Amino acid sequence: MTYKNLKNIREDNDIKQKDIAKVLNVSQNTYSQYETGVIALTAEVLIKLADYYGVSIDYLLDRTSNPEINR
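Residues numbered from 1 in each chain as written. Predicted model: local features only at pLDDT ≥ 70, side-chain atom pairs only at ≥ 80, totals over all residues. Heavy atoms only, no water.

Caption draft 1: Structural view of the pattern of salt bridges. With the rule as written, the count across this model stands at four salt bridges. One salt bridge in this structure joins Arg-10 and Glu-35, with 2.5 Å as the shortest N-O distance. With Arg-10 in helix H1 (residues 4–12) and Glu-35 in helix H3 (residues 28–36), this residue pair connects regions lying 25 residues apart in the sequence. Note on accessibility: Arg-10 and Glu-35 belong to one class, buried. We note a salt bridge from Glu-44 to Lys-48, for which the minimum N-O separation is 3.5 Å. You can see Glu-44 and its partner Lys-48 sitting in helix H4 (residues 43–53), four residues apart, about one turn around the helix. One network of salt bridges, with partners in common, ties together Arg-10, Glu-11 and Glu-35. (Salt bridge = Lys/Arg side-chain N within 4 Å of Asp/Glu carboxyl O. Helix = DSSP H or I, 4+ residues; strand = E, 2+ residues; numbered from the N terminus. Buried < 20%, exposed > 50% of the residue type's maximum accessible area, 1.4 Å probe, protein only.)

Below, the structure is given as structure tokens:
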């Protein structure tokens with residue numbers, strides 16, 4: 001499963017895969033596999049990404065088109 005919102009938010013912020021991979025402390029290849037769904041996103045990675053971008057986990061997982069965090 002490809003995560004379109006995950007890829008789109010990275011590209012919209014002009015961030016390269018290698019740069020977000022450094023934030024997550026993984027290789028660029030591993031991050032690429034997260035985006036394409038080859039490797040499952042862990043809770044830890046999802047939390048880091050959601051915090052980094054300031055969006056909801058549901059948005060990163062393409063469960064909603066609304067990036068806002070509902071509290």
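Caption draft 2: Seen up close, H1. Taken together, the buried positions of H1 are Asn-5, Leu-6, Ile-9 and Arg-10. Buried positions in H1, seen along its axis, are confined to an arc of 135 degrees and lie on one side of it. In this structure, H1 carries Lys-4 and Asp-12 as exposed residues pointing more than 90 degrees from its buried face. Buried positions along H1 lie against helix H2 (17–24), H3, H4 and helix H5 (57–60). (Arc of directions from axis to C-beta. Contact = heavy atoms within 4.5 Å.)

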